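As a plain string of letters, each chain reads:
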Amino acid sequence: MHDRGDAEISAVALALLVTVLVSFGIVHQVNKARAARQIQIRKLQRLVAAESARTESAASEEYTSMLESHNFCAVCHTPTKTRCSRCKAVHYCSSTCQVQHWNQGHKLECKAPALTCSSVEASSCKAPAVTYSSVKASSFTDYKLDNGIMAPTRSSNGNVIKNCFNRGSMQESYNAVADTRHSSGIAKKCSAEFINKEDEQRTTQDEITRGPPDSGFTVEGKLLNPKKILFPYDDFVNLFSWDMLKPPCGLINCGNSCFANVVLQCLTYTRPLAAYLLVGSHRQQCQRNDWCFMCELEDHVRRVFNSEDAFSPISILSRLRHIGNHLGYGKQEDAHEFMRFAIDSMQSICLDEAGGEKAVDTRSQETTLIHYIFGGHLQSQVRCLQCHHESNRYENMMDLAVEIQGSVESLEGALAKFTAPECLDGDNKYKCDRCAAYVKAKKRLTVHEAPNVLTITLKRFQSGKFGKLNKRVTFPEVLDMSPYMSGKGDDSPLYRLYAVVVHVDMLNASFFGHYVCYVKDMDGVWYKIDDSKVKEVDLDKVMSQNAYMLLYSRTSPHPGPVAEYEAVTSSITRLGACAVENSSPGGKSH
């Protein structure tokens, strides 16, 4: 009996010992996992702190440089670099302060200084007096939407130009800060232009800055025909209808290069651009002696369509400063900003092939291949509610950036908000030339001519380091732009989605994150591209994304331009166009 009891006691003791050992093992594993998580959290905290310190340092340097300039807002005394667009004697930090100072009596004192040839570019000066020809043609046409306003892209020297078309209150945002840091000297001439309560004396300055009636852009509120065609539109139509079925090829991340990788993938699957580059017509006619972005992009597209394995786009990444002055290899950048720089760089290259920007009139600059692809027109219409007179202005557009704040839950809602009429009343009344008085009016911004490829950016990046909007905004696969058109110059255009760019962040941070994209081949198959990783996905997966950029292609190209004087001149040979048509089966075989 004693032996039996001892055995039972031993078994119980052994069981307890095993239980204790197992418990200690589990506790050890839990503590080990907890310690690993703590290490990871501290690492992420150090990363966030480092990024915050870098951002604060950059902001501090910018603020210090502004203080050193000794330029302060005439109303709130905030350091600024923006001057009055006419007298250049006073400075403002925003359009609100400018309007306030204007109403306080500055409009009675503001007088334009007498300008001579030394005030403008020497190459454009032909007489001591200021003429319309002495102002760069791009000062009127190269505008894009950014942060609720019409914002210029870049001048031919690659600099970003400040915002000039004020559609509402000036809002600070991530992109606006970037544009402000790298604005050129020309930008200082562009303070808020569209102040509706204008004085009659502002007419002359407004014509110089925005483009006079004889500047080759508009006459009596209507768009003029171009004087010559730089790229035959029939050749563009052939490129637009080209067919290719090659699945995408991944791109290696060379260090914070995901922003460039997604844009390069989107450009590669922009059908007319890829078709033109695969033909090789640009390299045959390129007149640049130094590095050329389109030549490198041509090599890049060819490699994508002839490669099965991921490769490094280092030939483009190492020359980012040639595309945008402030872009740098290894730095985290904004994909939308890089897309704007890339499109503007290609447009500048196309104009160089035609003799340069100064050798081509404003409307003819819109007949390049790049403008055929991405370019369109916006119409700003002001309608007097007293005499019902309508005043129209047209702006060149290369993309759209729409607000998603507030109750906006869909892309259609964002576009409706963008094109919603605005009532001009009270202190913001409109000076009607026909009534010769300040009257109530309605102002509306609409799409006058929809581009063949429509790039839409949802403005998710707001002010603050953690100000990104991660709200769900639905978007359609097929987009009807007719509700947002001016009703003139273009029939109801339908678009099909072919690329989506997504920004993946942590804690709604706007200063760092990761970009991935989704692209559709010509067979309708969607792919997710995460740098070097390429994966086929279904449409529902694409439509459920929190998109940052959306790229749509028209179901059929819009009508082409008609030259007013000069016959069509070609920058791509007919042989090249035939090669595009004959290369379709070859594209399918890759």
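Residues numbered from 1 in each chain as written. Predicted model: local features only at pLDDT ≥ 70, side-chain atom pairs only at ≥ 80, totals over all residues. Heavy atoms only, no water.

Draft legend 1. Structural context of the sheet that holds strand β8 (residues 390–397). If you trace the 4 strands from one edge of the open sheet to the other, you get β8-β7-β13-β10, paired in antiparallel fashion. Lying at the two open borders of the sheet, with one neighbouring strand each, are β8 and β10 (422–424). Taken over all neighbouring pairs, the strand axes of this sheet differ in orientation by 25 degrees on average, direction set aside. Pairing of strand β7 (residues 376–384) with β8 involves 8 bridges; the strand directions are antiparallel. Bridge pairing links G376 to M397 in β8. (Pairing = 2+ DSSP bridges. Helix = DSSP H or I, 4+ residues; strand = E, 2+ residues; numbered from the N terminus. Axes fitted to C-alpha atoms, helices over the stretch in contact; angles between N-to-C directions.)

Draft legend 2. Here's a closer look at the nonpolar core. Membership of the largest hydrophobic core comes to 68 residues, with the highest contact counts inside it found for L267, F293, M294, L297, M346 and Y515. Examining the composition of this core, we find that 9 residues originate from one element, helix α13 (residues 335–353), more than from any other. Look past the residues within four positions of L267 in its chain and what remains in contact with it is L273, L297, M339, A342, M346 and F374. If you look at the next biggest cluster of nonpolar residues, it comprises 35 residues, including M397, L458, M543 and L550. (Core = buried A, V, L, I, M, F, W, Y, C linked by side-chain atoms within 4.5 Å. Buried < 20%, exposed > 50% of the residue type's maximum accessible area, 1.4 Å probe, protein only. Contact = heavy atoms within 4.5 Å.)

Draft legend 3. Structural context of the confidence of the model for the protein chain. Averaged over the protein chain, the pLDDT score is 75; the fraction of residues at 70 or greater is 70%. In this model, residues 114–216 is a region of pLDDT below 50 whose contacts with residues beyond four sequence positions or in other chains number 254 contacts. Note that residues 567–590 has pLDDT below 50 and, in this model, 45 contacts with residues that lie over four places away or in other chains. (pLDDT = per-residue confidence, 0-100.)

Draft legend 4. Here's a closer look at the packing of helix α7 (residues 258–268) against α13. Where α7 contacts α13, the axes come no closer than 9 Å and their chain directions differ by 50 degrees. By the criterion of interaxial angle, the relationship of α7 to α13 is oblique. Crossing of α7 against α13: the hand is right-handed. Residues F259, A260, V262, V263, C266 and L267 of α7 form the contact with α13, whose own contacting residues are A335, F338, M339, A342 and M346. Looking at side-chain class alone, the contact of α7 with α13 contains 11 nonpolar, no polar and no charged residues. (Parallel < 35°, antiparallel > 145°, perpendicular 65-115°, else oblique. Left-handed = near helix turned anticlockwise from the far one by under 90°. Nonpolar A, V, L, I, M, F, W, Y, C, P; charged D, E, K, R; others polar.)

Draft legend 5. Focus on the pairing of strand β20 (residues 547–554). Extensive coverage of β20 is indicated by the burial of 8 of its 8 residues. In this sheet, β20 lies alongside strand β14 (residues 453–458) in antiparallel orientation, the contact comprising 5 bridges. Paired with L454 across the strands is Y552, a residue of β20. Where strand β16 (residues 494–504) and β20 come together, 7 bridges link them in antiparallel fashion. The residue bridging V502 from the neighbouring strand is A547, located in β20.

Draft legend 6. Looking closely at helix α8 (residues 271–279). Within α8, 8 of the 9 residues are buried, which leaves it mostly tucked inside the rest of the structure. Those residues of α8 not exposed but buried are P272, L273, A274, A275, Y276, L277, L278 and V279. G280 lies just past α8 and shows a positive phi near 85 degrees.

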